[in-house]
Amino acid sequence: MSAVPRQTGPRRAPDDVLTHLRRARDHADRHFAEELDLESLAAVAAISKWHFHRLFQATYGLSPAAYVSQRRVERAQDLLRATNLTVTEVCHAVGFSSLGSFSTRFRQLVGETPTQFQRRYAAGAPKIPGCYAFMWGLAARGLAERALAAQGLAERGLAERGLAETQPAQGFASEEKQTGDPSS
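In short, a report on the structure. Sequence order sets the numbering: in each chain, residues are counted from 1 along the sequence as written. For this predicted model, a pLDDT threshold of at least 70 governs which residues receive local features, and a threshold of 80 or more governs which side-chain atom pairs are given and counted, while totals over whole chains, interfaces and linings are taken from all residues. Based on all heavy atoms of the structure, the side-chain values leave hydrogens and waters out of the count.

1. Points about the packing of aromatic side chains
Phase 1: Planes of paired rings set the category: under 30 degrees apart is stacked, over 60 is edge-to-face and the rest tilted, where pairs are Phe, Tyr or Trp rings (Trp by its six-membered ring) whose centres lie within 6.5 Å. Applying the stated criterion across every chain yields a total of six aromatic pairs.
Phase 2: Here F52 and F56 contribute two aromatic rings whose centre-to-centre distance is 5.5 Å and whose plane-to-plane angle is 50°, an arrangement assigned as tilted. Of this pair, F52 and F56 both sit in helix α3 (residues 49–60), separated by four residues, roughly a single helical turn.
Phase 3: Buried residues are those whose accessible area, probed at 1.4 Å on protein chains only, stays under 20% of the maximum for their type, while exposed residues exceed 50% and partly exposed ones sit between those limits. Since its relative accessible area comes to 0%, F52 is described here as buried. By definition, any uninterrupted DSSP run of H or I lasting at least four residues is a helix, any uninterrupted run of E lasting at least two residues is a strand, and each is numbered from the N terminus.

2. Describing the packing of helix α1 (residues 15–30) against helix α2 (residues 38–45)
Phase 1: Only the stretch in contact is used when fitting a helix axis, every axis being a line fitted to C-alpha atoms; angles between N-to-C directions are given from 0 to 180 degrees. Packing of α1 against α2 brings their axes to within 7 Å, and their N-to-C directions diverge by 130°. The pairing of α1 with α2 is recorded here as oblique in orientation. Crossing angle aside, the handedness with which α1 passes α2 is right-handed. Residues H20, R23, A24, H27 and A28 of α1 touch α2, and the partners they reach there are L41, V44 and A45.
Phase 2: Split by residue class, the contact of α1 with α2 holds five nonpolar, two polar and one charged. Small angles under 35 degrees read as roughly parallel and large ones over 145 as roughly antiparallel, with 65 to 115 read as roughly perpendicular and the rest as oblique. The sense of a crossing depends on the near helix, which, turned anticlockwise from the far helix by less than a right angle, makes the crossing left-handed and, turned clockwise, makes it right-handed. Throughout, a residue-residue contact means that at least one pair of heavy atoms, one from each residue, lies within 4.5 Å. Throughout this entry, Asp, Glu, Lys and Arg are counted as charged residues, while Ala, Val, Leu, Ile, Met, Phe, Trp, Tyr, Cys and Pro are counted as nonpolar. The remaining residues, Gly among them, count as polar.

Laid out in structure tokens, this is it:
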């Protein structure tokens with residue numbers, strides 16, 4: 001009789017559990033700037049926290065905390081490249097509570113400090129003003145890519161023309177319904 005070889009390395013989660021893990025990972029991607037802990041992510045996955053931790057790490061190769069931290073640093077890179085926010089503002093916008101832990105983790109993952117990273121992109125394209133980033137929620141939701149796309153449209157003159165065509169038409173239509181006279 002031959003012995004069945006045992007798996008000694010981490011196993012991937014069963015298929016029926018993968019959907020729960022993906023739900024938690026997607027939740028972490030959407031809410032990276034919020035306070036996320038192991039219990040809250042496990043609750044989203046509807047799995048006990050230690051079982052969730054083992055399965056998440058086996059499936060994605062990172063602990064849930066390391067995954068969230070990596071996503072935060074990725075969003076911070078976008079903000080440092082595309083906006084004129086300070087490193088401290090970016091640190092808090094992406095969900096870190098300590099500038100020291102943000103800088104340390106950023107350097108571990110990227111290979112340079114946030115300030116060095118920002119300086120490297122300082123001579124590039126014009127930056128999105130920080131007030132716009134916060135006003136449109138770019139800093140909180142990590143949507144710097146959308147702002148850059150909108151900035152590209154504005155430079156070509158398409159964004160203003162699109163706004164000019166849609167907004168007055170909506171205003172006139174509502175006035176016509178109220179008064180019945182389009183000239184008022």
